[in-house]
There are 2 protein chains.
Amino acid sequence: MVRWEPNPRGRLQEAALALYGERGFENTTVAEIAERAGLTERTFFRHFADKREVLFDGADAFTEAFVGTVRNAPADVAPIDAVTAALEAAAALLADRKFARQRQVVIAASPELQERELSKFASLSTALADALRQRGLAEPAATLTAELAIAVFRVAFERWIEGSEDQDFPQLIRESLDQLRAVTAGA
Amino acid sequence: MVRWEPNPRGRLQEAALALYGERGFENTTVAEIAERAGLTERTFFRHFADKREVLFDGADAFTEAFVGTVRNAPADVAPIDAVTAALEAAAALLADRKFARQRQVVIAASPELQERELSKFASLSTALADALRQRGLAEPAATLTAELAIAVFRVAFERWIEGSEDQDFPQLIRESLDQLRAVTAGA
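The structure presented is a predicted model; accordingly, all values stated were derived computationally and were not measured. (Residues numbered from 1 in each chain as written. Chains lettered and ligands numbered in written order. Predicted model: local features only at pLDDT ≥ 70, side-chain atom pairs only at ≥ 80, totals over all residues.)

Brief notes about the overall build of chain A
The number of helices and strands found in chain A is nine helices and zero strands. Here the C-alpha coordinates of chain A stretch approximately 60 × 30 × 30 Å along the principal axes. Looking at chain A as a whole, 35% of its 187 residues are labelled buried. Expressed as a percentage of contacts within chain A between residues at least 6 apart in sequence, the contacts between residues at least 24 apart total 59%. (Helix = DSSP H or I, 4+ residues; strand = E, 2+ residues; numbered from the N terminus. Buried ≥ 20, exposed ≤ 12 C-beta atoms within 10 Å, placed from the backbone. Contact = placed C-beta atoms within 7 Å.)

Section: the domain arrangement of chain A
Residue and element names in this part refer to chain A. According to the domain assignment, chain A contains domain 1 (8-47) and domain 2 (59-184). Distance from the C-alpha centre of domain 1 to the C-alpha centre of domain 2: 28 Å. Opposite the six residues of domain 1 that make contact, domain 2 presents eight residues. When its residues are assigned to classes, the side of domain 1 that touches domain 2 shows three nonpolar, two polar and one charged. (Domains from an automatic or database assignment. Nonpolar A, V, L, I, M, F, W, Y, C, P; charged D, E, K, R; others polar.)

Some remarks on the environment of A:V30
Residue and element names in this part refer to chain A. Topologically, V30 is positioned in helix α2 (residues 30-37). For V30, a count of 16 C-beta atoms within 10 Å gives the class partly exposed. Counting along the chain gives 14 residues from V30 to A16, while the straight-line C-alpha distance between them is 8.3 Å. With residues near it in sequence (within four places) discarded, V30 still touches E41, F44 and K51.

Here we look at the interface of chain B and chain A
The interface is formed by 26 residues belonging to chain B together with 25 residues belonging to chain A. For the side of chain B that touches chain A, the secondary structure elements donating two or more residues are α5 (79-93), α7 (111-134), α8 (141-162) and α9 (169-184) of chain B. No other element matches α8(B), which puts 10 residues into the side of chain B that touches chain A. Here the residues of the side of chain B that touches chain A are counted per class, giving 15 nonpolar, seven polar and four charged.

Remarks on the relation of the copies chain B and chain A
You can overlay chain B on chain A at an RMSD of 0.0 Å; the transform is a turn of 180° with a shift of 0.0 Å along its axis. When the rotation and shift are considered jointly, the pair of chain copies conforms to a two-fold rotation axis. (Least-squares fit on C-alpha atoms with pLDDT ≥ 70 in both.)

Regarding the packing of helix α4 (residues 59-72) of chain A against helix α7 (residues 111-134) of chain A
Residue and element names in this part refer to chain A. It is the contact of α4 with α7, at a shortest axis distance of 9 Å, that shows an interaxial angle of 20°. Considering their axes alone, α4 and α7 lie roughly parallel with respect to each other. You can see that α4 and α7 cross each other, and the crossing is right-handed. Across the interface between the two elements, A59, T63, F66, V67, V70 and R71 from α4 touch K120, L124, A127, L128, A131, L132 and Q134 from α7. Of the residues that constitute the contact of α4 with α7, the class distribution is nine nonpolar, two polar and two charged. (Axes fitted to C-alpha atoms, helices over the stretch in contact; angles between N-to-C directions. Parallel < 35°, antiparallel > 145°, perpendicular 65-115°, else oblique. Left-handed = near helix turned anticlockwise from the far one by under 90°.)

Some remarks on helix α1 (residues 8-23) of chain A
All names here are of chain A. Taking 1.5 Å as the rise per residue, α1 with 16 residues should run 22 Å; its terminal C-alpha atoms sit 22 Å apart, in good agreement. Within α1 the residues assigned to the buried category are L12, Q13, A15, A16, L17, L19 and Y20. Next to the buried residues of α1 lie α2, α3 (41-47) and α6 (97-108). Count one or two residues on from α1 and you reach G24, which has phi positive near 90°. (Expected span 1.5 Å × (residues − 1).)

Let's talk about α2(A)
Residues and elements named next belong to chain A. What α2 keeps buried is the set I33, A34 and A37. The buried side chains of α2 occupy one side of the element, clustering within an arc of 95° when seen end-on. Buried residues in α2 make contact with α1 and α3. Looking at the residues trailing α2, positive phi occurs at G38, about 70°. (Arc of directions from axis to C-beta.)

Notes on unusual backbone geometry
Following A:E139, the chain continues into A:P140 via a peptide bond in cis, with omega recorded as 5°. The topology assignment puts A:P140 in the loop between α7 and α8 (141-162).

Focus: the nonpolar core
With 69 residues, the main nonpolar core has A:L128, A:A149, A:V152, B:L128 and B:V152 as its most contacted residues. A total of 13 residues in this core trace back to one element, the largest contributor, which is α8(A). (Core = buried A, V, L, I, M, F, W, Y, C linked by C-beta atoms within 7 Å.)

Some points on the environment of A:G68
Residue and element names in this part refer to chain A. On the secondary structure map, G68 appears in helix α4. On the neighbour-count criterion, G68 (16 C-beta atoms within 10 Å) is partly exposed. For the pair formed by G68 and A127, sequence separation is 59 residues and the distance between their alpha carbons is 9.9 Å.

Some points on the environment of B:T29
Residues and elements named next belong to chain B. Looking at the secondary structure, you find T29 in the loop between α1 (8-23) and α2 (30-37). Among the residues examined, T29 registers 11 C-beta atoms within 10 Å and is labelled exposed. For the pair formed by T29 and R159, sequence separation is 130 residues and the distance between their alpha carbons is 31 Å.

Focus: the confidence of the model for chain A
Do not read the fine detail of predicted coordinates wherever pLDDT is low. All names here are of chain A. Averaged over all residues, the pLDDT of chain A equals 89, while 96% of them reach at least 70. Ranking the elements of chain A by mean pLDDT puts helix α9 (residues 169-184) last with 88 and α2 first with 96. Taken over the whole predicted complex, pTM reads 0.79, whereas the ipTM for its chain interfaces reads 0.72. (pLDDT = per-residue confidence, 0-100.)

Below you can see the structure in the form of structure tokens.
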């Protein structure tokens, strides 16, 4: 008798990440992921389109947190402040640092996954620039601000997953923004 | 008798770009490119590893202009000024706007080429951050400055290829940097 266990999606993700770390993304099959999670392949495909999508789950919610915050910021908020709020909202979604770190190791080991990750960030940047233009920021400032936001996010994210337990992601974002401000001011 | 013609490399590039534009990158073969250029496949492969590399020719020289300028800037030059000089040096290499515009259209039509282009910029950013660290700029400022430089380059590049003939690429770079400065200052 199979004991009912909750959270099949989370268990599949955990099993996939463990296997990708042990034997590499390319060398892991969906059958192995399902087996490790104590579930069937059919259950896997009810939750994920393929083994790659396990790693990009939540990307839409992440984009929405990011872009939605910019869209919903009051009209008199400066673009950089709207973007700072968006960065903090997106950072708040990534509470599980261990998962984030494991995922990053897997992605760093696969050119295919790296290209996918870059292309996700490129789409996010396009959506963000669009939201900034809708707030009245002209080009090229809108695209530049969007690219700057992605750069700040990625740099703060790397520091967060590599750092010690007491480093707060939103704080790392604020520090990165301060450094960027200092560099552009010619410091 | 085959008439000797100079510049086989340039002719292959021109033929490839024309064919990619006419029938798409995926639907063009090396044999067709060679034929259009009035050359043999063998000559093609003496110059390019595959049909994709025709579009990424010169990437190493471009990276070297960019990164070398930062590396060779006097020690007392502020990072943002070293990066500005690097952007102008890289921009000076792309004198042929018509070629750049055709190439961009081809790349925009192919997810494979887009991913390749993103990955080239990611490598450039890494090399640039490295050069900035060697000049004594700490992390995360070095990585952020490198990402900012790439963003400025790409935005100015898009404006350059889309704009009218009288827009000067280095001038567009300076304008983009000014806009970025205004945004980070909270304007």
